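Structure assessment
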Amino acid sequence: MLNKVPAVTAIFWAIKVLSTTVGETGADYLAVHVGLGAGLTAICMTGLLAAALLLQLSRRAYVPWIYWLTVVLVSIVGTQLTDLLTDKLDVSLYLSTAAFACALAATFAVWYGVERTLSIHSIVTTRRELFYWTAILFTFALGTAAGDLATEALGLGFQLGVVAFGMLIAAVTMTYYIGANPVLTFWLAYILTRPLGASLGDLLSQSRDYGGMGIGTIQTSIGFLTVIVGLVAWVTFEGDGARRTDPAQ
């Protein structure tokens, strides 16, 4: 089958950050404001994620709306994993961050041991795609735990969190352009966009009493989802246009 992951462009990173923000605010909205609670929200979102993932796996090529729907749902489920450990089981953020880091490292180790590559440009078999989505889930869970650890446990706050994680991503980007390993820099940036998006979501949605801007989870989630839908529609239209003008298609 054709590669199941989109090209890594500016639009890719924009949708990724927006989806991580929706994961943070969407999970908070369902668990707190709708009143589902962390446990029921996790069950519902895991069911939706399983359905989206089956749809994604059934396709033989990259389909923008299916791929990004799966990413948004993975973002919500990854957030819920960390929240369940922290809020329900009283697991320390230090411990959950370390545990998810080990789980992600183990996923990469097994993936590389089996496939001899971690490149997202070669997701052309179902087995590689399963490794890919497992890694994506753990990057979201790790990013959530690390973001909460930095902004809450270590006291950086939402504004400093956005600045700190933004600077780390900029540093990774610079190392990529001066010749660092592209696979390594991609995954580092992918992990770091999660706490960046979460900090941004909290900054926008949380009340001013907690250091946020007070926009609210509903407005933030709807606004970011609208932008995601617009960007996904754009890349879909752009892809369809390219296929129509390609004489080989």
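Everything numeric in this text was worked out from a predicted model, so none of it was measured.

**Let's talk about the nonpolar core**
Formed by 41 residues in total, the largest nonpolar core has its most connected members in Tyr-67, Trp-111, Tyr-132, Ile-136, Trp-187 and Tyr-190. Counting only elements with at least two residues in this core, the list comes to helix 1 (10-33), helix 2 (37-58), helix 3 (64-88), helix 4 (93-115), helix 5 (126-153), helix 7 (182-205) and helix 8 (217-245). For this core, the element with the highest residue contribution is helix 5, accounting for 9 residues. Not counting the four nearest positions on each side in its chain, Trp-111 is found in contact with Arg-116, Thr-117, Leu-118, Ile-123, Arg-128, Phe-131, Tyr-132, Ala-135 and Trp-187. Phe-165, Ile-169, Val-172 and Leu-196 belong to the second largest nonpolar core, which has 8 residues in total.

**Examining the packing of aromatic side chains**
Two descriptors summarise a pair of aromatic rings, namely the distance from one centre to the other and the angle between the planes of the rings. Here the structure, examined in full by the defined rule, presents 20 aromatic pairs. Measuring from centroid to centroid gives 5.2 Å for Phe-12 and Trp-13, while their planes differ by 90 degrees, and the two rings are edge-to-face. Using a relative accessible area of 2% as the deciding quantity, one classes Phe-12 as buried. If you follow Lys-16 out to its NZ or CZ, it ends over the ring of Tyr-190, 4.2 Å from the centre.

**Considering the packing of helix 4 against helix 5**
Across the interface, helix 4 lies against helix 5 with an axial gap of 9 Å and an inter-helix angle of 160 degrees. As the angle between them shows, helix 4 and helix 5 are arranged roughly antiparallel. The crossing of helix 4 and helix 5 is left-handed. Taken together, the residues that form the contact of helix 4 with helix 5 break down as 20 nonpolar, 5 polar and 4 charged.

**Thoughts on helix 3**
Because an α-helix packs 3.6 residues into every turn, residues spaced three or four apart end up facing the same way. With 25 residues, helix 3 should cover 36 Å at 1.5 Å per step; its first-to-last C-alpha distance of 35 Å lies within 8% of that length. In the stretch just after helix 3, Asp-90 is the one whose phi turns positive, near 55 degrees.

**Quick word on helix 4**
Taking 1.5 Å per residue as the helical rise, helix 4 with its 23 residues ought to reach 33 Å, and the 32 Å between its terminal C-alpha atoms agrees with that figure. Within the sequence span of helix 4, burial applies to Leu-93, Ser-96, Thr-97, Phe-100, Leu-104, Thr-107, Phe-108, Trp-111 and Glu-115. Of the surrounding elements, those touching the buried residues of helix 4 are helix 3, helix 5 and helix 7. Among the residues of helix 4, the N-terminal cap falls to Ser-92, whose side-chain oxygen and the backbone nitrogen of Tyr-94 are separated by 3.1 Å.

**Details of unusual backbone geometry**
If a residue is not glycine, its phi is most likely negative; likewise, a peptide bond is most likely trans. Phi at Asp-90 is positive, roughly 55 degrees, even though this residue is not glycine. Counting through the fold element by element, Asp-90 comes out in the loop between helix 3 and helix 4. Despite not being glycine, Arg-116 has its phi angle at roughly 65 degrees, a positive value.

Reading the values: rules and limits
- The numbers attached to residues start from 1 for each chain and follow its sequence in the written order.
- Where local features are concerned, this predicted model is filtered to residues with pLDDT of at least 70; where side-chain atom pairs are given and counted, the filter is 80 or more; whole-chain, interface and lining totals use all residues.
- Hydrogens are left out, water is left out, and the side-chain values use all remaining heavy atoms of the structure.
- Within this scheme, the nonpolar core is defined by two criteria: the residues are buried Ala, Val, Leu, Ile, Met, Phe, Trp, Tyr or Cys, and they are joined through side-chain atoms within 4.5 Å.
- Classification of residues uses two cut-offs on accessible area relative to the type maximum, computed with a 1.4 Å probe and protein chains only: under 20% is buried, over 50% is exposed, and between them is partly exposed.
- For the purposes of this entry, the term helix denotes a DSSP run of H or I that reaches at least four residues, the term strand denotes a run of E that reaches at least two, and both are numbered from the N terminus.
- Pairs of residues are marked as contacts when any of their non-hydrogen atoms sit within 4.5 Å.
- Whether two aromatic rings pair depends on their centres lying within 6.5 Å, for rings of Phe, Tyr and Trp, where Trp uses its six-membered ring; planes under 30 degrees apart make the pair stacked, over 60 edge-to-face, and the rest tilted.
- Only lysine NZ and arginine CZ atoms are considered, and such an atom sits over a ring when it is within 6 Å of the ring centre and within 35 degrees of the ring normal.
- For helices, the fitted line uses only the C-alpha atoms of the stretch in contact; every axis is such a line through C-alpha atoms, and the angle between N-to-C directions lies from 0 to 180 degrees.
- In what follows, roughly perpendicular refers to angles from 65 to 115 degrees, roughly parallel to angles under 35, roughly antiparallel to angles over 145, and oblique to any angle outside these ranges.
- Less than a right angle of anticlockwise turn of the near helix away from the far helix marks a crossing as left-handed, whereas a clockwise turn marks it as right-handed.
- Throughout this entry, Asp, Glu, Lys and Arg are counted as charged residues, while Ala, Val, Leu, Ile, Met, Phe, Trp, Tyr, Cys and Pro are counted as nonpolar. The remaining residues, Gly among them, count as polar.
- In this analysis, the expected span of each helix is defined as 1.5 Å times one less than the number of residues it contains.
- Counting of polar contacts relies on pairs of N or O atoms within 3.5 Å, with two restrictions inside protein: one atom must be capable of donating a hydrogen and the other of accepting it, and residues adjacent in sequence are counted only when both atoms are side-chain atoms.

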